[in-house]
Amino acid sequence: QALEIRGSSLGKDHPDYAATLNNMASVHGNQGQYDQAMKLYEQGLEIKGKALGKDHPDYATILNNMASVHDAQGQYEQALQLYQQALE
């Protein structure tokens, strides 16, 4: 419901919309629904990248969150790549 409200009031390209996607992804990740979490993180990452730039701390936060999903699944190489990207 929050996603619908933010999408209709702010637009689906707004950073706050991406923040809601990020929060939803976190819940899915905590529930072990990794594929759904990654889809939402990827959507949020694209929005944040376009709206704020790839050098913004919020962009790095989503990369870090995506790395955590890979880490939780034992996909350590993918996790390390994203953690490294978040630091750059």
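About the cut-offs
- Residues numbered from 1 in each chain as written.
- Predicted model: local features only at pLDDT ≥ 70, side-chain atom pairs only at ≥ 80, totals over all residues.
- Heavy atoms only, no water.
- Axes fitted to C-alpha atoms, helices over the stretch in contact; angles between N-to-C directions.
- Helix = DSSP H or I, 4+ residues; strand = E, 2+ residues; numbered from the N terminus.
- Parallel < 35°, antiparallel > 145°, perpendicular 65-115°, else oblique.
- Left-handed = near helix turned anticlockwise from the far one by under 90°.
- Contact = heavy atoms within 4.5 Å.
- Nonpolar A, V, L, I, M, F, W, Y, C, P; charged D, E, K, R; others polar.
- Polar contact = N/O pair within 3.5 Å; in protein donor to acceptor, adjacent residues only side chain to side chain.

A. Broad picture of the packing of helix α1 (residues 2-10) against helix α2 (residues 15-30). Their axes nearest at 9 Å, the elements α1 and α2 cross at an angle of 165°. Between α1 and α2, the angle falls in the class roughly antiparallel. In this structure, α1 crosses over α2, and the sense of that crossing is left-handed. Across the interface between the two elements, A2, L3, R6, G7 and L10 from α1 touch D16, Y17, A19, T20, L21 and M24 from α2. Its residues placed into classes, the contact of α1 with α2 shows 7 nonpolar, 2 polar and 2 charged.

B. Fine view of the side chain of K48. Along the polypeptide, K48 turns up in helix α3 (residues 34-52). Within polar-contact distance, the side chain of K48 engages the backbone oxygen of P15 at 3.4 Å. Every residue in contact with K48, bar those within four places of it in the chain, is listed here: P15, A18, A19, G53, D58, Y59 and I62.

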